[in-house]
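Structural description and commentary
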Amino acid sequence: MAKVRRREIKTLSKEDDLAHKILKDIKASSGLGLLRCVQCGMCASTCPASRHSDYDSREIIKRVLDNDETILEDEIIWNCFYCYNCHSICPVGNSVCEVNQILRQMAIDEDTGKKQVESFMSFADSYIDKGLGIIPQEYHGQLSIDYGEHWDKLQEKLEDVRENLKLESMFLLPEAENEVGKTLEAIGFKNRVKEIKDVRNRNKGG
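Residues numbered from 1 in each chain as written. Predicted model: local features only at pLDDT ≥ 70, side-chain atom pairs only at ≥ 80, totals over all residues. Heavy atoms only, no water.

Counting its regular elements, the chain contains 13 helices and zero strands. Reading the chain from its N terminus to its C terminus gives the helix and strand order α-α-α-α-α-α-α-α-α-α-α-α-α. A compact globule built from 206 residues should have a C-alpha radius of gyration of about 17 Å, whereas the chain, at 21 Å, is more than 25% larger. Overall, the C-alpha framework of the chain stretches about 60 × 40 × 35 Å when taken along its three principal axes. Split into buried and exposed, the 206 residues of the chain put 33% on the buried side. In the chain, the proportion of contacts linking residues at least 24 apart, taken out of those at least 6 apart, comes to 65%. Surface accessibility of the chain: about 13000 Å² in total, with carbon and sulfur atoms responsible for 52%. Between the centroid of the 30 positive side chains of the chain and the centroid of its 36 negative side chains there is a distance of 4 Å. (Helix = DSSP H or I, 4+ residues; strand = E, 2+ residues; numbered from the N terminus. Rg over C-alpha atoms; globule rule 2.2 N^0.38 Å. Buried < 20%, exposed > 50% of the residue type's maximum accessible area, 1.4 Å probe, protein only. Contact = heavy atoms within 4.5 Å. Areas by Shrake-Rupley, 256 points an atom, 1.4 Å probe, with all protein chains shown as cover. Lys, Arg positive; Asp, Glu negative; His and termini not counted. Charge placed at Lys NZ, Arg CZ, Asp CG, Glu CD.)

Right, dumping it as structure tokens:
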């Protein structure tokens, strides 16, 4: 069951509250109807995450409008599927999906959010090491269970299969790897990965 902390409602000028921080975020679309939400509940009525978890899209928006910043620490924001059903049905042009994406980014700026994404670090490592996304070795066991013997054989003979199909190597040339590495450095990706790993290592140590 999701952990919901007691609300701590802050009194701030409207330009500093959570709703306005979301509206000012670069990822917020122009015309996002967050402040026009009347809590009609249509978003929740079509939300598949609500059917399978404690997630409640109407409650998410209510807590944002209440300036309840404890929502950033609540695991419930990670249950959104990003299907955009809420977005498509909202009569005032609000998008809980979009709000949720911004809330998650805000949470990732804090330790609680970094913990939520640390399971993706092996994918991040493949971008840093090889310049492209490859399936990390740690997932091979589960994929073998999911897809069976055929998948195992394909992995064993992948190079032969590619050669027979006259496909070039799926890996980047060294100069391309270098360029990707510089890009990941410039956009802050490597630093973000390091911050997430630092939180994980601190937790292991503590």
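Here the narrative resumes, following the displayed structure.
Let us look at the packing of aromatic side chains. Evaluated as defined, the whole model comprises two aromatic pairs. A centroid spacing of 5.2 Å and a plane angle of 35° characterise the contact between Phe123 and Tyr139, whose relative ring orientation is tilted. A residue pair is termed long-range when its members are at least 10 positions apart, and Phe123 in helix H8 (residues 121–130) and Tyr139 in the loop between H8 and helix H9 (140–147) qualify at 16 residues. You can call Phe123 partly exposed: its relative accessible area is 29%. For Tyr139, a relative accessible area of 28% gives the class partly exposed. Aromatic pair Tyr127 and Phe189: ring centres 6.4 Å apart, planes at 80°, arrangement edge-to-face. Taken together, the positions of Tyr127 in helix H8 and Phe189 in helix H13 (residues 189–205) put the pair 62 residues apart, joining distant regions of the chain. (Phe/Tyr/Trp six-rings, centres within 6.5 Å; stacked < 30°, edge-to-face > 60°.)

The next point concerns the confidence of the model for the chain. The predicted model of the chain averages 89 in pLDDT, with 92% of residues at 70 or higher. Long-range and interchain partners of residues 1–8, a stretch whose pLDDT sits below 50, account for 20 contacts in this model, where long-range means more than four residues apart. (pLDDT = per-residue confidence, 0-100.)

Attention shifts here to the state of the cysteines. Across all of its chains, the model carries zero disulfides by this definition. Looking at the unpaired Cys37, the closest cysteine sulfur is the one in Cys43, lying at 6.4 Å. (Disulfide = S-S within 2.5 Å.)

The periodicity of an α-helix, 3.6 residues per turn, causes residues three or four places apart in sequence to face the same way. In this model, helix H12 (residues 174–186) (13 residues) spans 18 Å end to end at C-alpha, consistent with the 18 Å of a helix rising 1.5 Å per residue. Where H12 terminates, the next one or two residues include Gly188, which has phi positive at roughly 85°. (Expected span 1.5 Å × (residues − 1).)

With that settled, consider the packing of H8 against H12. The contact between H8 and H12 brings their axes to 7 Å, and the two run at 125°. As the angle between them shows, H8 and H12 are arranged oblique. On the side of H8, the interface is formed by Tyr127, Ile128, Asp129 and Lys130, while H12 contributes Glu177, Val180 and Leu184. Taken together, the residues of the contact of H8 with H12 break down into four nonpolar, no polar and three charged. (Axes fitted to C-alpha atoms, helices over the stretch in contact; angles between N-to-C directions. Parallel < 35°, antiparallel > 145°, perpendicular 65-115°, else oblique. Nonpolar A, V, L, I, M, F, W, Y, C, P; charged D, E, K, R; others polar.)

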